[in-house]
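These are the residues of each chain, in order.
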Amino acid sequence: MGLTLAEKILARASGRAAVVPGEYVTARADKVMCHEAFVLCALQLAKLGVTRLFDPERVIVILDHYFPAPTERMAGAHAAAREFVKRFGITHFLGHAGICHQVLTERALVRPGELVFGTDSHSTTYGAVAAAGNGIGVTETTYLLATGELWMRVPPTLRFALEGELPAGVMSKDVALHLAGRFGTAVASYRAIEFAGPAADAMSLASRMTLANMGAELGAKFAFFAADEATARTLSERAGEPVAPFGPDPDARYEATHRIDVGGLEPQIACPHNPGNVKPVSAVAGTPVQQCFLGSCTNARLEDLAVAAEILRGRRVHPSTRLLVTPASHEVALEATRAGILETLLEAGAHVTASGCGACPGGHGGVLGAGEACLSSTNRNFRGRMGSADAQVYLGSPASVAAAALTGRIVDPRDYWAGRM
Amino acid sequence: MTARVRGRVWKLGDDVDTDVMAPWNTLTLPFEERRAQLFPSRPDFVAGVKPGDLIVAGRNFGCGSSREQAPENLRLLGVAGVVAESFGRIYFRNCVAMAFPNLGCPGIHPACEEGDEVELDLRTGEVRNLTRNVSLAAPPWTADMLAILEAGGLLEVLRRRLAAQGAGPVA
């Protein structure tokens, strides 16, 4: 019997020939990604007298949630992180190169078929390259850093077959929001997802990362795309060594297959205060927004910034709102600069910030006040997520964010952009 | 840690997320300074919860972030355990790692009203509403999870493992 991606990876990581959904295994990590939570783990390890990690070459530390440090306390935490990195001999310290999931993927530090744990719920993003990325908390990460292993339940897999072709002006974020609205944010609870079908195959790696990232908002443990020839080629270039394609067995068994025709999809908006409270943009058009945010591990890659620049070229951000742009990584910022994208956005009146998580979790660089509304390209709009509990956060695609910046209101981005991803 | 917990029920709904349990700007504060900002949608719960009370919640309790302050805050508020229709997976794993009794029990939400007396048993999976004399069967915690519970949390499991290997401080 064939195996899904989740089954293949967990079987290998637990030293078995095969596993079945529902089975509990002890799995060994291929990679462990830590952001600032690393400091809390390291303090625990020091207290326990641990001097050696299970494998310092499999651990990656990056500082993104509080960069640049918004408080003296966080500056101290960053200094402590650097010190612990040295003490434990961690080879992959990525400093403040950008948002963890973006940087690990652009540097090919996660590979197809790997089991990757991260101190961040959006670690599902690694599924875009067929890696089993999943989020865990500080206590489990502490245990993992010392031992290299954790218990895992083998999840059943849901297959979302994306049929048809994405219409002009509609992005992979709209697909993710549509799925959250239609199936609910718990549809993949205790489950893995595999995205497949012609519309998935046609997506760029960046667009796939958006959907895999939003897998967390469908409740998923893992959210995969097969690593096809195109992904393998991209990763090989980035890694400087050959990376092979990796996919599920053709006769893998799925708990269910949902066929979604994306050909008729219109842009989607998630309304306060849940990513599953989704409406077509036409139903909320006209809603004023005082802030437009283009950032986060979900949607701040080069193609996202390029779409925004296309919409804003030669135009101005409406005076009733503000547009904050936080490129997903320093590399993205550099490429966007070379391509003239940031210049276009700045000319339109956008504010460009340093790469990091920034405004997305309400940390810094765009926190919302009471009564304010924001259209954001991020992943979550829980109450209080971006600041005040009395703020309203709407989620949409980068195109929807840019169009809202032009008008100060949520509008249909297809009135301003007829391009295709 | 005990596998069986009994208490008075606070009833919460579906999709109670980690950001309302532990808002970002409270994460680095001492608990007493966090308290007033927790659960902005249920101030009565934060004001009225007593040590030993339970939460009965709907679907997807704890959806969202990996932040451990979410279950930690519940525990510091005095909550002795949670029974929900289902959990956000990272929240649930954090609860196991912290030895915090949380049990997924389909059918529990309609079977309880606020103020009911409920007992949950992680070992057997039995959930009893003593007020209404109703019993529900949930999947119990696995042997590995119960071992973490009995140790008092995953860090204690690690400490024992290190001690056994001679690689860490002796217990």
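The rules we used
Residues numbered from 1 in each chain as written. Chains lettered and ligands numbered in written order. Predicted model: local features only at pLDDT ≥ 70, side-chain atom pairs only at ≥ 80, totals over all residues. Pairing = 2+ DSSP bridges. Helix = DSSP H or I, 4+ residues; strand = E, 2+ residues; numbered from the N terminus. Contact = placed C-beta atoms within 7 Å. Axes fitted to C-alpha atoms, helices over the stretch in contact; angles between N-to-C directions. Nonpolar A, V, L, I, M, F, W, Y, C, P; charged D, E, K, R; others polar. Core = buried A, V, L, I, M, F, W, Y, C linked by C-beta atoms within 7 Å. Buried ≥ 20, exposed ≤ 12 C-beta atoms within 10 Å, placed from the backbone. Domains from an automatic or database assignment. Parallel < 35°, antiparallel > 145°, perpendicular 65-115°, else oblique. Left-handed = near helix turned anticlockwise from the far one by under 90°. Arc of directions from axis to C-beta.

Description of the sheet that holds strand β2 (residues 31–34) of chain A
Residues and elements named next belong to chain A.
Item 1. Ordered in space as β4-β3-β2-β5-β6, the five strands form an open sheet in which the pairing is parallel. Taken across any chain shown, the strands that pair with only one partner, and hence form the sheet edges, are β4 (92–93) and β6 (132–135).
Item 2. This element, helix α5 (residues 138–147), spans β2, β3 (59–61) and β5 (115–118) of the sheet and lies at about 135° to β2.

Looking at the interface of chain A and chain B
The accessible area lost on association of the parts is a frequent measure of interface size.
Item 1. Residue-level contacts link 35 residues of chain A with 35 residues of chain B.
Item 2. Examining the composition of the side of chain A that touches chain B, we find that six residues originate from one element, α5 of chain A, more than from any other.
Item 3. In terms of residue class, the side of chain A that touches chain B is built from 13 nonpolar, 15 polar and seven charged.

Focus on unusual backbone geometry
Item 1. Residues F67 of chain A and P68 of chain A are joined by a peptide bond in cis, for which omega reads -10°.
Item 2. Here P272 of chain A and H273 of chain A are connected by a cis peptide whose omega angle stands at -5°.
Item 3. Note that H273 of chain A resides in the loop between β12 (268–270) and β13 (278–280).
Item 4. Unlike most non-glycine residues, A99 of chain B shows phi in positive territory, near 55°.
Item 5. Within the fold, A99 of chain B resides in the loop between α5 (89–97) and β4 (102–104).

Structural notes on the sheet that holds strand β6 (residues 126–129) of chain B
Residue and element names in this part refer to chain B.
Item 1. Taking strand neighbours across the sheet as the criterion, the seven strands line up as β4-β3-β2-β1-β5-β6-β7 in an open arrangement whose pairing is mixed. Because the sheet does not close on itself, it has two edges, and the strands there are β4 and β7 (134–137). Averaged over all adjacent pairs, the angle separating strand axes in this sheet is 25°, with direction ignored.
Item 2. Pairing analysis gives five bridges linking strand β1 (residues 4–11) to strand β5 (residues 117–121), with the strands arranged antiparallel. The partner of R6 across the bridge, within β5, is E119.

Remarks on the nonpolar core
Item 1. Core analysis: the largest hydrophobic core is formed by 205 residues, its most contacted members being V61, I193, A308, Y394 and A402 of chain A together with L54 and V83 of chain B.
Item 2. If you tally residues by element for this core, the top one is helix α11 (residues 302–312) of chain A, at eight residues.
Item 3. Residues lining this core come from more than one domain, with at least three contributed by each of domain 1 (5–261) and domain 2 (267–415) of chain A.
Item 4. Excluding anything up to four places from it in sequence, Y394 of chain A contacts I269, A270, C271, P272, V289, A373, C374, L375, S376, N381 and I410 of chain A.

Points about the pairing of strand β18 (residues 392–395) of chain A
All names here are of chain A.
Item 1. Of the two faces of β18, both are covered, the one formed by Q392 and Y394 as well as the one formed by V393 and L395.
Item 2. Bridging between strand β17 (residues 373–376) and β18 involves four bridges; their strand directions are parallel. Directly across from S376, in β18, lies its bridge partner L395.

A few points about the domain arrangement of chain A
Residue and element names in this part refer to chain A.
Item 1. Each domain of chain A was delimited in the assignment, giving domain 1 (5–261) and domain 2 (267–415).
Item 2. Here the C-alpha centre of domain 2 lies 24 Å away from the C-alpha centre of domain 1.
Item 3. For the side of domain 1 that touches domain 2, the secondary-structure elements that each account for two or more residues are α4 (100–106), α6 (172–183) and α8 (205–214).
Item 4. Among the elements that line the side of domain 1 that touches domain 2, the one with the most residues is α6, at six residues.
Item 5. Among the residues forming the side of domain 1 that touches domain 2, the class breakdown is 15 nonpolar, 15 polar and five charged.

Details of the environment of L130 of chain B
All names here are of chain B.
Item 1. Considering the arrangement of structural elements, one finds L130 in the loop between β6 and β7.
Item 2. A sequence separation of 17 residues divides L130 from A147, and the C-alpha atoms of the two residues are 28 Å apart.
Item 3. Discounting residues that sit within four places of it in the chain, L130 has contacts with E117, V118 and E119.

Re the environment of I341 of chain A
Residues and elements named next belong to chain A.
Item 1. Examined against the element boundaries, I341 turns out to sit in helix α13 (residues 341–347).
Item 2. Here I341 falls in the buried class, since 25 other C-beta atoms lie within 10 Å of it.
Item 3. Distance in space between the C-alpha atoms of I341 and A309 is 5.8 Å, their sequence separation being 32 residues.
Item 4. Here I341 is in contact with L305, A306, A309 and A336, once residues within four sequence places are set aside.

Some remarks on α5 of chain A
All names here are of chain A.
Item 1. Counting buried residues along α5, nine of its 10 residues qualify, which places the element largely inside the surrounding structure.
Item 2. Of the positions making up α5, those classed as buried are V138, T139, E140, T141, T142, Y143, L144, L145 and A146.
Item 3. Positioned one or two residues after α5, G148 has a phi angle of 80°, which is positive.

Things to note about the environment of R322 of chain A
Item 1. Locating R322 of chain A in the fold gives a position in strand β15 (residues 322–325).
Item 2. Accessibility expressed as a C-beta count within 10 Å gives 19 for R322 of chain A, which makes it partly exposed.

Quick look at the packing of helix α2 (residues 37–47) of chain A against α5 of chain A
Residue and element names in this part refer to chain A.
Item 1. It is the contact of α2 with α5, at a shortest axis distance of 9 Å, that shows an interaxial angle of 60°. Between α2 and α5, the crossing angle belongs to the class labelled oblique. The chirality of how α2 crosses α5 is right-handed. The residues of α5 that touch α2, namely those facing A37, L40, C41, Q44 and L45, are V138, T141, T142, L145 and A146.
Item 2. Of the residues contributing to the contact of α2 with α5, the split by class is seven nonpolar, three polar and no charged.

A look at helix α6 (residues 143–151) of chain B
Residue and element names in this part refer to chain B.
Item 1. Residues M145, I148 and L149 constitute the buried set of α6. Taken around the axis of α6, the buried residues stretch over an arc of 100°, which confines them to a single face. Residues of α6 that are exposed and point more than 90 degrees away from the buried face comprise A143 and A147.
Item 2. Looking at the buried side of α6, the elements it contacts are α5 and α7 (154–165).

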